[in-house]
Structure formats: structure tokens, C-alpha cells
Amino acid sequence: MRVLTEAQIERFFNILNQASELIQKAKDQSYLDSLIETLSVVQDQDATNLELSDADTQKLTHICSGFNRSDYDSETLRKGIQMAILKATRVDNIQANYQITPDTIANVIGYIISGIFRGTDTISLLDPAMGTGNLLTALYNQLHNTLNLTPSISGIENRRCHV
């Protein structure tokens, strides 16, 4: 098992932040929307479908080329994304009830689930108010590491659209 380091989290966050700020400026949109697009670019390693100028596409490709999935474990990625979402919350003035579930709550819930379901071969988790998915991914990683099982996770999000 790889040790989670602050340097790895910071390196991944910096990639997400630089790319999100570039997209935000180029498209004049929120940091959160830009972060969503950044995560798509990081996952697909393709910045060509964002309708950016050629120069911005090149810059974005260069920033994201610093990401190599094999350099990071799941918990490092989750924490880096969590930091970027926290920045989006601050930059975009997202109201408190839309913020991510703190790790402390996830740790307590994971501890309780680990105690109750120790020795279980399978477990399914449902978050009926998923939001950013931080609680589910934190629980997934924690249960995978403590119980050595791969939980089945599902989430529901009730997103209101204003027209």
C-alpha cells in the first residue's frame, strides 16, 4: 500500500487548479464548471473538445500532461479533487448546504460500518443525497483498505435546475 503524501495531493491539486483557472478565464464561467471540464480532460487526456483557442488548448494539454494516473492512489486523487472542490466553494460562493461532506464524518461512518460488517464478503452503500460524492468515495477507499473488500456504491443526486 502506497503512503499518502501531502506532496502528491498538492501536485494533483495544482494540476487541477491551473487547468481550471485557464478554462475559467478562457470561457468566462464558474470555477466549478471549469473544474468539471478539467476532470474530464484529465480522465480522457484530450483537451480538444472544449472549444478553446488553439493556444489555450495547447496550454491545457501541457498542464494536464503532468498527470500520470499510475503516480496516484485513489485516496490521493480523492483528496486532490476535494481540495479543488473546496476552492470552487470559496471562489464561486457556493452556499453551505451544497458543500462536501467533511472527512471526519466519513471516517466516523466508515469506522462504524467496518465494525458492524467485519467478516462480510460484500457490502452495498447508497448515498441518497450524493452531491460531490466525497462521502461515497471516502467510504469506498476506507472499507477497501480496512476490510479488504470492494464495496458496491450508488448515489442519487437531486439537482434543481432553474430555467
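Residues numbered from 1 in each chain as written. Predicted model: local features only at pLDDT ≥ 70, side-chain atom pairs only at ≥ 80, totals over all residues. Heavy atoms only, no water.

J.: I would appreciate a short explanation of the overall build of the protein in the present structure.
T.: The helix and strand inventory of the protein stands at six helices and two strands. Reading the protein from its N terminus to its C terminus gives the helix and strand order α-α-α-α-α-β-α-β. Overall, the protein is about 55 × 40 × 25 Å in size when its C-alpha atoms are taken along their principal axes. Contacts spanning at least 24 positions in sequence make up 67% of the contacts within the protein whose residues lie at least 6 apart. Of the roughly 10,300 Å² of accessible surface on the protein, a fraction of 51% belongs to carbon and sulfur atoms. Within the protein, one finds 13 positive and 19 negative side-chain charges whose respective centroids are separated by 4 Å. (Helix = DSSP H or I, 4+ residues; strand = E, 2+ residues; numbered from the N terminus. Contact = heavy atoms within 4.5 Å. Areas by Shrake-Rupley, 256 points an atom, 1.4 Å probe, with all protein chains shown as cover. Lys, Arg positive; Asp, Glu negative; His and termini not counted. Charge placed at Lys NZ, Arg CZ, Asp CG, Glu CD.)

J.: Would you explain the pairing of strand β1 (residues 124–127) in this entry?
T.: Consecutive residues of a regular strand have side chains that alternate between opposite faces of the sheet. Here β1 shows a buried face lined by L125 and D127 and an unburied face lined by S124 and L126. For the crossover that starts at β1, traverses helix α6 (residues 134–146) and ends in the parallel strand β2 (residues 152–155), the hand is right-handed. (Buried < 20%, exposed > 50% of the residue type's maximum accessible area, 1.4 Å probe, protein only. Right-handed = clockwise from strand over helix to strand, strands pointing away.)

J.: Quick question: what am I supposed to make of the packing of aromatic side chains here?
T.: The description of an aromatic ring pair rests on the distance of the ring centres and on the angle between the ring planes. Counted under the stated rule, the structure contains three aromatic pairs. Ring geometry for F12 against F67: centres 5.3 Å apart, planes inclined by 40°, an arrangement best described as tilted. Here F67 lies in the loop between α3 (54–64) and α4 (74–91) and F12 lies in helix α1 (residues 6–27), a separation of 55 residues in the sequence. F12 gets classed as buried once you look at its relative accessible area, which sits at 2%. Ring geometry for F12 and Y72: centres 5.5 Å apart, planes at 50°, overall tilted. Of this pair, F12 sits in helix α1 while Y72 is found in the loop between α3 and α4, placing the two residues 60 residues apart along the sequence. Joined through ring pairs, the aromatic side chains of F12, F67 and Y72 make up one cluster. (Phe/Tyr/Trp six-rings, centres within 6.5 Å; stacked < 30°, edge-to-face > 60°.)

J.: Please explain unusual backbone geometry as it appears in this structure.
T.: Apart from glycine, the bulk of residues carry a negative phi angle, and the bulk of peptide bonds sit in the trans form. The phi torsion at E51 lies on the positive side, around 55°, for a residue other than glycine. Take E51: it is sitting in the loop between α2 (31–44) and α3. Unlike most non-glycine residues, N148 shows phi in positive territory, near 55°. In this fold, N148 is placed in the loop between α6 and β2.

J.: Before we go on, may I ask you to explain the environment of T48 in this structure?
T.: The topology assignment puts T48 in the loop between α2 and α3. On the basis of relative accessibility, which here comes to 60%, the residue T48 falls in the exposed class. For the pair formed by T48 and Q58, sequence separation is ten residues and the distance between their alpha carbons is 9.0 Å.

J.: It is not clear to me how the packing of α1 against α4 should be interpreted in this structure. Could you clarify?
T.: Angle between the axes and distance between the axes are the two parameters that describe a pair of packed helices. Relative to each other, α1 and α4 sit at 40°, their axes nearing to 8 Å. Between α1 and α4, the angle falls in the class oblique. Like other packed secondary-structure pairs, α1 and α4 cross with a definite hand, here right-handed. Facing Q8, I9, F12, F13, L16, N17, E21 and Q24 of α1, the residues of α4 in contact are T76, L77, K79, G80, I81, M83, A84, K87 and V91. Across the contact of α1 with α4, the residue classes break down as nine nonpolar, five polar and three charged. (Axes fitted to C-alpha atoms, helices over the stretch in contact; angles between N-to-C directions. Parallel < 35°, antiparallel > 145°, perpendicular 65-115°, else oblique. Left-handed = near helix turned anticlockwise from the far one by under 90°. Nonpolar A, V, L, I, M, F, W, Y, C, P; charged D, E, K, R; others polar.)

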